[in-house]
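Remarks on the overall topology
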Amino acid sequence: MKLGIVGLPNVGKSTLFNAITKAGAEAANYPFCTIEPNIGVVTVPDERLKVLHEMYNSKKTVYTSIEFYDIAGLVKGASRGEGLGNKFLGHIREVAAIVHVVRCFDDPNVVHVEGKISPLSDIETINLELIFSDLEVIDRRIQRTQKNLKGDKGLQSEIAILERLKAALESGVTARSLSFSEEEDAFVKSLDLLTYKPVIYAANVSEDMVAEGADNEYVAQVREYAEKEGSEVVVLCAKLEAEIAELDDEEKAAFFEDLGIAESGLDKLIKASYKLLNLISFLTAGVPEVRAWTITRGTKAPQAAGKIHTDFERGFIRAETIAYDKLIACGGNLATAKEKGLIRSEGKDYEVKDGDVIHFLFNV
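Residues numbered from 1 in each chain as written. Predicted model: local features only at pLDDT ≥ 70, side-chain atom pairs only at ≥ 80, totals over all residues. Heavy atoms only, no water.

Topic: the pattern of salt bridges
- Using the criterion set out here, one finds 16 salt bridges in the structure.
- A salt bridge links R141 to E158, with the shortest nitrogen-to-oxygen separation between them at 3.9 Å. Taken together, the residues span a long stretch of sequence, with R141 in helix α4 (residues 119-148) and E158 in helix α5 (residues 156-170) at a distance of 17 residues.
- A salt bridge links K197 to D192, with the nearest nitrogen and oxygen atoms 3.9 Å apart.
- On the basis of relative accessible area, K197 is assigned to the buried category, the value being 9%.
- Three or more residues joined by partner-sharing salt bridges are found here, namely D46, R48 and D354. (Salt bridge = Lys/Arg side-chain N within 4 Å of Asp/Glu carboxyl O. Helix = DSSP H or I, 4+ residues; strand = E, 2+ residues; numbered from the N terminus. Buried < 20%, exposed > 50% of the residue type's maximum accessible area, 1.4 Å probe, protein only.)

Written as structure tokens, this is what we have:
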């Protein structure tokens, strides 16, 4: 899974990226510090794997991961090639979701590219450039579809969706703010529109505003905006995240307690991304290794097996599965779990659940 970290220059993108990936991306107090996207791979924490590892005395533990792309800052006119706009827009197309870092703190020592602190203005600046880019895509698609309309009247439904999208974009509304049927959604996704990508707004606050429930007017504005378009909001302090990244687990726990927070910004981002992209994890466990596999919610057993190896999907027979909590209640003893009837034998129509511990049976 790839997440692109975006935002106006000097809002804390690279500082956040450094903190959550420890990749050492350059962070400086001037625009366009980041030109090519820095890429960092982050392990997705999952306490269940630690428990299973100890339970099975496994030789190896494999966590799932997320790739974070630190994409260059954007300014007005990017859709027309201003600043690093063309590269910026191209890099966004490569990610599954956008982490839009929004400055929600006052600091006269950190310059703002627009000269003032206004989260909604910052969000709208970037959205407007993405909208301009999407309008070009829509206009080209409408022209091409209209040419083919004479030979295929079925394309009229596509024209209707395209016209609806164009009207929304021209009024300053992002594509993700609109509602579509399942069939329409598949078509809109095929257009690869930038404003249809899921968004997590990372509200970057000052150190004294990071505690849960802290009253921050800027954050309230971001939450209200995000709610209208169905996006997620994560409140964090990029500067503190950099400090947290250097601590061990015990030190982190004490640090969180002092700050009045329950988890790091990275953990919040990961949870928000899984929720936004409708992702879950199933587990495999044994002496050779324990491992987490990320799939879309609603994935059927054969397709989940295919995440491990294509042969598993092709020769799928059944999935022997047990919920993680129930396995732990049996002390990890599969024989006990079988005696209690907790291990289920599921066929091709079974939708895998988050936390399922699965053993796949298949023909070679």
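Having put the structure on the table, let's press on.
Digging into a negative patch on the surface
- A cluster of like negative charges, contributed by D248, D249, E250 and E251, occupies part of the molecular surface.
- Considering the arrangement of structural elements, one finds D248 in the loop between α8 (238-244) and α9 (249-259). (Patch = residues over 30% accessible without salt bridge, like charges linked within 9 Å, V, L, I, M, F, W, Y side chains within 5 Å. Areas by Shrake-Rupley, 256 points an atom, 1.4 Å probe, with all protein chains shown as cover. Lys, Arg positive; Asp, Glu negative; His and termini not counted. Charge placed at Lys NZ, Arg CZ, Asp CG, Glu CD.)

Focus: the packing of α4 against α5
- Orientation of α4 relative to α5, taken along the N-to-C sense of each, is 155 degrees, at an axis distance of 10 Å. The orientation of α4 with respect to α5, classified from their angle, is roughly antiparallel. Between α4 and α5 lies a crossing of left-handed hand. Facing I131, D134, L135, I138, D139, R141, I142, T145 and Q146 of α4, the residues of α5 in contact are E158, I159, L162, E163, L165, K166, L169 and E170.
- Class assignment for the residues of the contact of α4 with α5 results in eight nonpolar, two polar and seven charged. (Axes fitted to C-alpha atoms, helices over the stretch in contact; angles between N-to-C directions. Parallel < 35°, antiparallel > 145°, perpendicular 65-115°, else oblique. Left-handed = near helix turned anticlockwise from the far one by under 90°. Contact = heavy atoms within 4.5 Å. Nonpolar A, V, L, I, M, F, W, Y, C, P; charged D, E, K, R; others polar.)

Here's the deal with the nonpolar core
- In this structure, F68, C104, Y201 and L269 are the most contacted members of the largest nonpolar core, which totals 58 residues.
- Non-local contacts of C104, meaning those with residues more than four positions away in its chain, are made with P119, A203, N204, V205, N216, Y218, V219 and V222.
- Listed in part, the 18 residues of the second largest apolar core include V137, I142, F187 and L193. (Core = buried A, V, L, I, M, F, W, Y, C linked by side-chain atoms within 4.5 Å.)

Brief notes about the packing of α4 against helix α7 (residues 217-229)
- At a minimum axis distance of 9 Å, the contact between α4 and α7 shows a crossing angle of 40 degrees. Judged by the inter-axis angle, α4 sits oblique to α7. Contacts between α4 and α7 pair P119, L120, I123, E124 and N127 from the former with Y218, Q221, V222 and Y225 from the latter.

Digging into the packing of aromatic side chains
- Taken as a whole and judged by the stated rule, the model has six aromatic pairs.
- Within the aromatic cluster, the residues linked to one another by ring pairs are F282, W293, F316 and F360.
- Seen from the ring of F180, R164 lies directly overhead, with NZ or CZ sitting 4.7 Å from the centre. (Phe/Tyr/Trp six-rings, centres within 6.5 Å; stacked < 30°, edge-to-face > 60°. Lys NZ or Arg CZ within 6 Å of the ring centre and 35° of its normal.)

Here we look at the pairing of strand β10 (residues 316-323)
- Alignment of β10 against strand β12 (residues 356-362), held across seven bridges, turns out to be antiparallel. Each residue of the ladder has a partner; that of T321, found in β12, is I358.
- In this sheet, strand β11 (residues 344-346) lies alongside β10 in antiparallel orientation, the contact comprising three bridges. Across the sheet, the residue bridging to T321 is R344, located in β11. (Pairing = 2+ DSSP bridges.)

Concerning the sheet that holds strand β7 (residues 232-236)
- The strand order across the open sheet formed by six strands is β2-β4-β1-β5-β6-β7, and the pairing between neighbours is mixed. With partners counted over all chains shown, the strands left at the sheet margins are β2 (38-43) and β7, one partner each. Averaged over all neighbouring strand pairs, the angle between strand axes comes to 25 degrees, with direction disregarded.
- In the packing of helix α10 (residues 265-276) onto the sheet, the strands contacted are β1 (2-6), β2, β4 (65-70), β5 (97-103), β6 (199-204) and β7, and the crossing angle to β7 comes to about 175 degrees.

Side note on helix α11 (residues 301-308)
- Along α11, the positions that sit buried rather than exposed are A301, P302, A304, A305 and G306.
- Here the buried face of α11 lies against β8 (279-284), β9 (290-296), α12 (310-314), β10 and β12.

Concerning the side chain of D70
- As for its placement among the helices and strands, D70 is situated in strand β4.
- No salt bridge is formed by the buried D70, whose closest oppositely charged neighbour, K13, lies at an N-O distance of 5.3 Å.
- A distance of 2.7 Å separates the side chain of D70 from the side chain of S14, its partner in a polar contact. (Polar contact = N/O pair within 3.5 Å; in protein donor to acceptor, adjacent residues only side chain to side chain.)

Considerations on unusual backbone geometry
- Residues other than glycine seldom take positive phi values, yet N57 does so here, at roughly 50 degrees.
- Non-glycine residue D192 carries a positive phi angle of around 55 degrees.
- In this structure, D192 sits in the loop between α6 (182-190) and β6.

Describing the pairing of β9
- Along β9, five of the seven residues are buried, which leaves the element largely enclosed by surrounding structure.
- Judged from the two bridges that link them, strand β3 (residues 61-62) and β9 form a sheet pairing that is parallel. Across the sheet, T61 pairs through a bridge with V290, a residue of β9.
- Bridge count for β8 against β9 is six bridges, and the pairing is antiparallel. Bridge pairing in β9 places F282 opposite W293.
- Between the antiparallel neighbours β8 and β9 lie five residues.

What to know about the environment of F105
- By the element assignment, F105 lies in the loop between β5 and α4.
- Note on F105: relative accessible area 15%, which makes it buried.
- Separated by 99 residues in the primary sequence, F105 and N204 place their C-alpha atoms 7.0 Å from one another.
- For F105, the residues in contact, after removing those within four places along its chain, are V11, I117, N204, V205, S206 and Y218.

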